[in-house]
Amino acid sequence: MQIPKNAILLRIFIGEKDRSGPHPLYEAIVLKAREMNMAGATVLRGPIGFGHSSLLHTAKILRLSDDLPLIVELVDSEERINSFLPVLDAMMSNGSGLVTMEKVQVLQYGSGSISAPGL
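Computed from a predicted model, the values in this text were never measured in an experiment.

(A) Quick peek at the sheet that holds strand S7 (residues 69-76). In spatial order, the strands read S4-S7-S1-S8; together these four strands make up an open sheet with antiparallel pairing. Single-partner strands in this sheet number two, and they are strand S4 (41-45) and strand S8 (98-105). Direction aside, neighbouring strands of the sheet carry axes that sit 20° apart on average. One ladder, built from five bridges, connects S4 with S7; its direction is antiparallel. In the strand pairing of S7, Leu 44 is matched with Ile 71. Lying over the sheet, helix H1 (residues 25-35) contacts strand S1 (6-15), S4 and S7, oriented at roughly 10° with respect to S7. The strands touched by helix H2 (residues 78-91) within the sheet are S1, S7 and S8, with S1 carrying the most contacts at an inclination of about 25°.

Here you go:
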């Protein structure tokens, strides 16, 4: 699979407790992205954060949280990201979260060599 040099980064901010049906939401997003042959997905766990409720979620020992912040990132072509958005919207319908998109330049995907832009 190839990703165009000019691609889109889809970033989804959610909590560990968020669910989509019987699965954790982050897992459901990754599985659906794989099913739709997206280029890849990564889940990142944050040690501390807050969202629209301003409730602080932290991994500190004295304030154990079972709802740490997570970020799911997908990078793919604009067309493929846009086709994933309605699916993502349905998955997030009974929860909260933040979804952002930004244009990115892909320098390497797979085992190729990195080349600086314009070289």
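(B) Representation of H1 in the model. All buried positions along H1 are accounted for by Leu 25, Ala 28, Ile 29 and Ala 33. Angular distribution of buried residues about the axis of H1 spans 130°; they occupy a single face of the element. Of the residues in H1, the exposed ones pointing more than 90 degrees away from the buried face are Arg 34 and Glu 35. Packed against the buried residues of H1 are S1, strand S2 (19-20), strand S3 (23-24), S7 and H2. After H1 finishes, the residue Asn 37 shows a positive phi value of roughly 60°.

Rules and cut-offs
- Residues numbered from 1 in each chain as written.
- Predicted model: local features only at pLDDT ≥ 70, side-chain atom pairs only at ≥ 80, totals over all residues.
- Heavy atoms only, no water.
- Pairing = 2+ DSSP bridges.
- Helix = DSSP H or I, 4+ residues; strand = E, 2+ residues; numbered from the N terminus.
- Axes fitted to C-alpha atoms, helices over the stretch in contact; angles between N-to-C directions.
- Contact = heavy atoms within 4.5 Å.
- Buried < 20%, exposed > 50% of the residue type's maximum accessible area, 1.4 Å probe, protein only.
- Arc of directions from axis to C-beta.

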